[in-house]
Amino acid sequence: MDIKKIEKKWQERWEKAGLNRFDPADKEREKLYVLEMFSYPSGAKLHIGHWYNYGPTDSYARFKRMQGYNVFQPMGFDAFGLPAENYAIKTGVHPKDSTLRNIETMEGQLRAMGAMFDWSAEVKTCNEDYYKWTQWMFLQLYKKGLAYRKEAPVNWCPACNTVLANEQVVDGKCERCDTPVVRKNLTQWFFKITDYAEELLSGLDGLDWPEKTKSMQRNWIGKSTGCEIEFECDNGEKFKVYTTRCDTVYGVSYVVLAPEHPLARSLTTPEQREAVEAYIDYAARANEIERLSSTREKTGVFTGSYCTNPVTGKRVPIYLADYVLYSYGTGAVMAVPAHDERDFAFATKYGLPIVKVIENRDGETTLPFTEDGLVACNSQFDGLAGEEARDKIAAYIASLGKGGKKVNYRLRDWLVSRQRYWGAPIPVIHCEKCGAVPVPENELPVRLPYDVEFRPDGKSPLAKCEKFMNTACPQCGGPARRDPDTLDTFVCSSWYYLRYTDAKNDRAPFDREKADRLLPVDVYVGGAEHSCMHLLYARFFTKALRDMGYLDFDEPFKRLVHQGVILGPDGNRMSKSHGNVVSPDEYVNEYGADAFRLYLMFGFSYTEGGPWSDDGIKAIARFMDRVEKIVIRSIAYSGNAPYGHEERALNYARNYAIQRVTRDMEAFSFNTAIARIMEFTNALYKYDGLTGEKDATLFKACVRDLILILAPCAPHFCEELFERIGGKGSVFDESYPREDADALRLDETEYAVQVNSRIVCKAMLSSDASNEEIEQAALALPEVAEKLAGKTVKKCIVVKGRLINLIIG
RNA sequence: GCCGCUGUGGUGGAAUUGGCAGACGCAAGGGAUUUAAAAUCCCUCGGGAUAAAACCCGUGUCGGUUCGAGCCCGACCAGCGGCACCA
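Residues numbered from 1 in each chain as written. Chains lettered and ligands numbered in written order. Predicted model: local features only at pLDDT ≥ 70, side-chain atom pairs only at ≥ 80, totals over all residues. Heavy atoms only, no water.

**Regarding the sheet that holds strand 31 (residues 803-808)**
The criterion, for reference: Any two strands between which DSSP finds at least two bridges are classified as paired. Helix and strand labels come from DSSP, where a helix needs a run of H or I of at least four residues and a strand needs a run of E of at least two; each type is numbered from the N terminus. Lines fitted to C-alpha atoms define the axes, with helix axes restricted to the stretch in contact, and inter-axis angles between N-to-C directions lie between 0 and 180 degrees. We call two residues in contact whenever any of their non-hydrogen atoms come within 4.5 Å of each other.
A sheet is described by the order of its strands in space; here 4 strands give the open sequence 29-28-31-30, paired in mixed fashion. Each edge of the open sheet carries a strand with a single partner, namely strand 29 (758-766) and strand 30 (793-799). Across the sheet, the axes of successive neighbouring strands diverge by a mean angle of 20°, strand direction being ignored. In the sheet, strand 28 (residues 748-755) pairs with strand 31 via 4 bridges, with the strands oriented parallel. Within the sheet, the bridge partner assigned to V753 lies in strand 31 and is I804. Of the strands in this sheet, strand 28, strand 29, strand 30 and strand 31 are in contact with helix 25 (residues 771-779), which crosses strand 31 at around 65°.

Set out below in structure tokens:
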């Protein structure tokens, strides 16, 4: 078979017949939205990871199409982002030019793969017709109060004199120059994802996602139930602390505010002023490496002020320490050194009292004792423990009007500003009179200018482009400046699955009816590295758009599958620096797209991945060769043998294969699906090799089914074979074979016969025998009789169709 | 430190979810065909023991539950991934 020729032939036919497209007019077939995470065009070519993601998933989509679904499988490009910009900085090639060029090659390669992508729905996030709507999304969130601006610390590289994205910070250092990154306060745009923390958490329960991914998201959201407690300072100022251990409130020996806490300075006494200022300065300068270290010694400073524990009435000193995070809870904690390791370390260092108020129920109480125990502090709560103690004490605090139960989340609001060029400009205008004014929707898109100096020199690249920056305030008409920042690329990818449903719409980001019809995505396939970013952001967008009335569903991705990672032959992640990158191209050239896809499907457990090895790729070519040969042989097959034992065996093999392959394809268990197809092929060879008259009708029907069940996994190849045996039109317009339950019902089943749980022999027993009959048959076996000699059967276990176990003694 | 996952032949990986461990392949060895090679086809292929069999051992380690454990429970070891001063 001339692979190159048939690939081209069928790809053209599919395109012409519109076979790859979702048919919106067809209301008969049930829709099925199969989505692969779109491509990131940072390199010019498809790598094995793309193939591994898209090839097998396309086979799944084709399989579902044959099962009668109206399948929608779009593809596009996540085209904004740092790599293109960094490449530009290095080489001088404009990000737009390199990106569009990369997209063009990748698109060609994706088409050559032979996947049934619906290219009529293609999106490229860097094009105006897309980012216009990304900006529109920003404006809707802004209107809804879900986008806001505040000053926040960002990663700053003092050597490059620029802000870095989180992804650019590797082990606390700048990825380009290895300089430790420091924090710097800048005014930034945020999305209020925390408003949805609870729903993002509870919504996970109903999703058909890998448990690992769900637990990562749960962890990331980090719900914690605790208690807020208000402390009043000597000067009358009040602040709240947050604790999950309000049962230890009787043991508070000091309180700590984060150095950034707004009361930090006002609570400082004149004598402490100098030390406090020095400490605040020190904390602000602490670099990422230091901050990341949990073994770092605790530091802090006394403010000079005191406040009162509302439960005990005791006065305790107020400290500042950077082991308290301003961004979590209230930015202030009560310190109970006896029952918290951090407080214990701090109190020990600064000579603060350590007061034990919880006793270990089962043994000695060695401090710090951080587990649940009995309250023991001469209070009305003595003797209570754990949750009960916390409930009662929280209720008591609430009754004092000093706080009460409170839920907190670890999740932070999403910082979306980037001081970068290659992204969607933030559609906001800053006016001296009116402040931050959103760009009116009818003025979108805010175009990203082409001629911009994007080499880093400490300023946002767009800020240096006067033509871009200078504009008029939409509110007062006076001179104003545009926001010089661009949106995080994750904003672009948070709604692309919606745009696919209506990619050409120039009046709206998507049509509600179309979106509601196609969504949610039925199966979403992509790498696990996006567990806490993209997948969480996309869920947030869906929920926010729902609440704004643009959608009618709660979750974007019903089922999620992560393909594994194909590593280099040395077991390391493929990378240029490791020198272990394997290119798919040479294999695709030599063996063809189908063989390469088949090999990826057969050689790995899909969700596991593993080190690349081409050991078996020849075997796949051999397998395809065997299939082709038997198909050709079947064409001239003749014979009219009566339906006998061999025919039944062949028909069994056929139906067994259909049954198992159907199940395995559904489960993304591609390696076993192909193993079953190989077995069926072997059965055909076996039948063919028999002497005597053959049943040509059966044989041809079997060969036809072989082509059909293999078709999703080797599309061009099977189209060609289907045509050879006289099939009309596309094999993908055929129904996927269904197993015949009768053919799978055998008269006799092989049983493993055990005596005292050890296998004695095997026996063919009637399939519809009762347990008693099976037992009798087993007892009649000579091997069993031998073991039984003189002993009695105490128990008999029968597993229908599998084994019988006689317990004797 | 916390959370999660994984551990099966020389090798990639299976195992109907508690029921014959090692499907399907690869590699290896032997044979057929061939002047020869490639290709193709057939046989063997977890370990031990044996002339061969019966038999014994075997799913990271050690225990447990069960008629029966790769699968469930407990403790540990190793590797991978995520989070990490979240009060």
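**Some remarks on helix 5 (residues 128-143)**
In plain terms, the rule: Each helix should span, by expectation, one fewer than its residue count multiplied by 1.5 Å. For every residue, the accessible area (1.4 Å probe, protein chains only) is compared with the maximum for its type, and the residue is labelled buried under 20%, exposed over 50%, or partly exposed between those bounds.
The first and last C-alpha atoms of helix 5 sit 22 Å apart over 16 residues, in line with the 22 Å expected at 1.5 Å per residue. Along helix 5, the residues classified as buried are Y130, Y131, W133, T134, Q135, W136, M137, F138, L139, Q140 and L141. G145 lies just past helix 5 and shows a positive phi near 80°.

**Observations concerning the state of the cysteines**
Heads up, the rule is: For the purposes of this analysis, a disulfide is any pair of cysteine sulfur atoms at a distance within 2.5 Å.
Applying the stated criterion across every chain yields a total of 0 disulfides. The thiol of C476 is unpaired, and the distance to the nearest cysteine sulfur, on C431, comes to 3.6 Å. Looking at C702, it has no disulfide partner, and the nearest cysteine sulfur is the one in C718, 16 Å off. C702 gets classed as buried once you look at its relative accessible area, which sits at 0%.

**What about the confidence of the model for chain A?**
Under the convention used in this document: As a per-residue quantity, pLDDT reports the predictor's confidence and falls between 0 and 100.
The predicted model of chain A has a mean per-residue pLDDT of 90, with 97% of residues at 70 or higher. Overall fold confidence (pTM) sits at 0.93, and the ipTM for the predicted complex is 0.94.

**Section: the protein's contact with RNA strand B**
Condition: For this description, a residue counts as near a given molecule or strand if any of its non-hydrogen atoms is within 4 Å of it. Two N or O atoms form a polar contact when they lie within 3.5 Å of each other; inside protein one atom must be a possible hydrogen donor and the other a possible acceptor, and for residues adjacent in sequence the pair counts only when both atoms belong to side chains.
Around RNA strand B there are 50 residues in total, and R342, G603, R622, S757 and R802 lie nearest to it. Among the atoms of RNA strand B close to the protein, meaning within 4 Å, 62% are from sugar or phosphate groups. At a separation of 3.0 Å, a phosphate oxygen of RNA strand B approaches a polar side-chain atom of R626. With respect to RNA strand B, the side chain of N671 contributes an N or O atom lying 3.0 Å from a sugar or linking oxygen. Sorting elements by how many residues they give to the surface near RNA strand B places helix 21 (residues 670-689) first, with 7 residues.

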